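# A closer look at the structure
Here are the chains, one letter per residue:
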Amino acid sequence: MAFIEYSQEPELRSPILVASFGGWNDAADAATTTVKFLIDRWKPQRFAEISGEEFFVFTETRPSIQFTKNMLRKLNWPGGRFYAYNDAEQEHDIVLYLGPEPQLRWKTFTNEFLTVCKHLRISEVLFIGAFLANIPHSGTVPISGFASHPELVERLHELDVNDSRYEGPTGIVGVLQDAFNQANIPNASLWAAAPHYLAATPNIKVTAALLTYLNTFLGMELDLHDIQSDAVRFDEQITILVERDPEASAYVRKLEEQASDLDEDDEEEENDDGDGDEIIIHPDRAPGTGPLPSADSLIRSVEELLRKEREQKQLDSDDEDEDNV
């Protein structure tokens, strides 16, 4: 049975694959929003799709309905999609992959994914992921990573990205990285930590951080001014919400104090022994920071703010459509 459906065959120059998966590897939608940003910016050519019939439980990852320009209802089935982007000014073309994490037959999925990459002669792979952590939204977004090849390890270190030495349950990204290692295809991953109390909302600040690191890691020249400005506004809005609620404010201050203590401990370890162990960051598990007060009130406030923002944007969009009629 054919699991990969090619709509066309792109001509690619030593392509680099950038991939993200929704689900467990995508806290606050930050990883998939990163690749969606690139798709929106580049308008790449979609050329292949992994059929979802064998890999998804449709009661968990459901098909969706949307209206076309002709106001016809269109059914979209879950599945992963490959896109090709050619940039004559870069040495490598880019292949993007975006899709949900499969629920079934991971070994078969991995083999099919690897087959596509070998067929395209992918020269390098970069996975994008995000995980929840007990960190404050007000701080710099922590980025960790892993690389299988010395040259990629060096590039991560140049970005001050700490190696992840996580051991434990993993998502499809961990499975795919193991498969690429066995196939001797250089691969790396960038993982961003997202505040756990903002897990239910797209976190544009975390996405902006991932894009900034991706931009430098791949030596690209993306203009990220707009999304970085959006990240600043997002941060300011969350801070305003926190200041309105005494319990939420105390909660975030506690996180900030603990983050500061961890930074001081790290500096002391570096001063004591410059060759000491690197910081261990666990992409699949939020690090514990001790007992903290409930964040329920903050979560409700943030969700309400963002819900109102989405409704307002929809109203503004409807108004624009009416004006254009």
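Overview of the structure. Small disclaimer: the values here were computed from a predicted structure and weren't measured.

### Topic: the overall build of the protein chain
For the protein chain, the count of helices and strands is eight helices and 11 strands. Looking at the 325 residues of the protein chain, the share that counts as buried comes to 45%.

### Let's talk about the sheet that holds strand β1 (residues 4-6)
The mixed open sheet is built from nine strands, whose spatial order is β1-β3-β6-β7-β2-β8-β11-β9-β10. This sheet does not close on itself; its edge strands, each paired only once, are β1 and β10 (162-163). Here strand β8 (residues 124-133) runs beside strand β11 (residues 187-195); their pairing, made up of nine bridges, is parallel. Counterpart to A133 in the pairing with β11 is P195. Contacting β1, β2 (16-22), β3 (45-50), β6 (80-85) and β7 (94-100), helix α2 (residues 106-119) runs over the sheet at an angle of about 155 degrees to β2. Set on the sheet, helix α3 (residues 150-158) makes contact with β8, β9 (143-147), β10 and β11; between it and β9 the angle comes to about 165 degrees.

### Looking at the packing of aromatic side chains
Per the stated rule, a full pass over the model turns up 15 aromatic pairs. Ring geometry for F127 and F180: centres 5.9 Å apart, planes at 55 degrees, overall tilted. With F127 in strand β8 and F180 in helix α4 (residues 172-182), this pair connects stretches of sequence that are 53 residues apart. For the pair formed by F127 and F180, the shared burial category is buried.

### Examining the pairing of strand β5 (residues 73-76)
In terms of strand pairing, strand β4 (residues 64-67) meets β5 through four bridges, oriented antiparallel. In the strand pairing of β5, I65 is matched with L75.

### Here we look at the pattern of salt bridges
Side chains bearing opposite charge may pair, as long as their charged atoms lie close to each other. According to the stated counting rule, one finds eight salt bridges in the structure shown. The partner of R155 in a salt bridge is E124, with the nearest N and O atoms 3.0 Å apart. Of this pair, R155 sits in helix α3 while E124 sits in strand β8, and the two are 31 residues apart along the sequence. Exposure class is identical for R155 and E124. Each is buried. R155 is paired through a salt bridge with E151; the nearest N and O atoms lie 3.1 Å apart. Of this pair, R155 and E151 both sit in helix α3, four residues apart, which is roughly one turn of the helix. Several salt bridges share partner residues, and in doing so they unite E124, E151 and R155 into one network.

### So, helix α1 (residues 30-42)
Its 13 residues place the ends of α1 19 Å apart at the C-alpha level, agreeing with the 18 Å of an ideal helix rising 1.5 Å per residue. Of all the residues in α1, the buried ones are A30, A31, T32, T34, V35, F37, L38, I39 and W42. Structurally, α1 contributes buried residues whose contacts are with β2, β6, β7, β8, α5 (204-217) and α6 (225-244). One or two positions beyond α1, positive phi appears at K43, with a value near 50 degrees.

### A few points about the packing of α5 against α6
Packing of α5 against α6 leaves a shortest axis separation of 8 Å and a crossing angle of 145 degrees. Both α5 and α6 take part in a crossing whose hand is left-handed. Across from I204, K205, T207, A208, L211 and T212 in α5, the residues of α6 making contact are I227, Q228, D230, A231, F234 and D235. A per-class count over the contact of α5 with α6 returns six nonpolar, three polar and three charged.

### A word on a nonpolar patch on the surface
On the surface, a nonpolar cluster with roughly 300 Å² of combined accessible area is contributed by I65, L75 and W77. For I65, the location among the structural elements is in strand β4. The class of I65 is partly exposed, set by a relative accessible area of 45%.

### Here's the deal with unusual backbone geometry
Phi is positive for S14, which is not a glycine, with a value near 40 degrees. Mapped onto the elements, S14 comes out in the loop between β1 and β2. Look at S14 and you get partly exposed, because its relative accessible area is 36%. For K43, which is not glycine, the phi torsion reads 50 degrees and is therefore positive. Mapped onto the elements, K43 comes out in the loop between α1 and β3.

Rules used in this analysis
- Residues numbered from 1 in each chain as written.
- Predicted model: local features only at pLDDT ≥ 70, side-chain atom pairs only at ≥ 80, totals over all residues.
- Heavy atoms only, no water.
- Helix = DSSP H or I, 4+ residues; strand = E, 2+ residues; numbered from the N terminus.
- Buried < 20%, exposed > 50% of the residue type's maximum accessible area, 1.4 Å probe, protein only.
- Pairing = 2+ DSSP bridges.
- Contact = heavy atoms within 4.5 Å.
- Axes fitted to C-alpha atoms, helices over the stretch in contact; angles between N-to-C directions.
- Phe/Tyr/Trp six-rings, centres within 6.5 Å; stacked < 30°, edge-to-face > 60°.
- Salt bridge = Lys/Arg side-chain N within 4 Å of Asp/Glu carboxyl O.
- Expected span 1.5 Å × (residues − 1).
- Left-handed = near helix turned anticlockwise from the far one by under 90°.
- Nonpolar A, V, L, I, M, F, W, Y, C, P; charged D, E, K, R; others polar.
- Patch = residues over 30% accessible without salt bridge, like charges linked within 9 Å, V, L, I, M, F, W, Y side chains within 5 Å.
- Areas by Shrake-Rupley, 256 points an atom, 1.4 Å probe, with all protein chains shown as cover.

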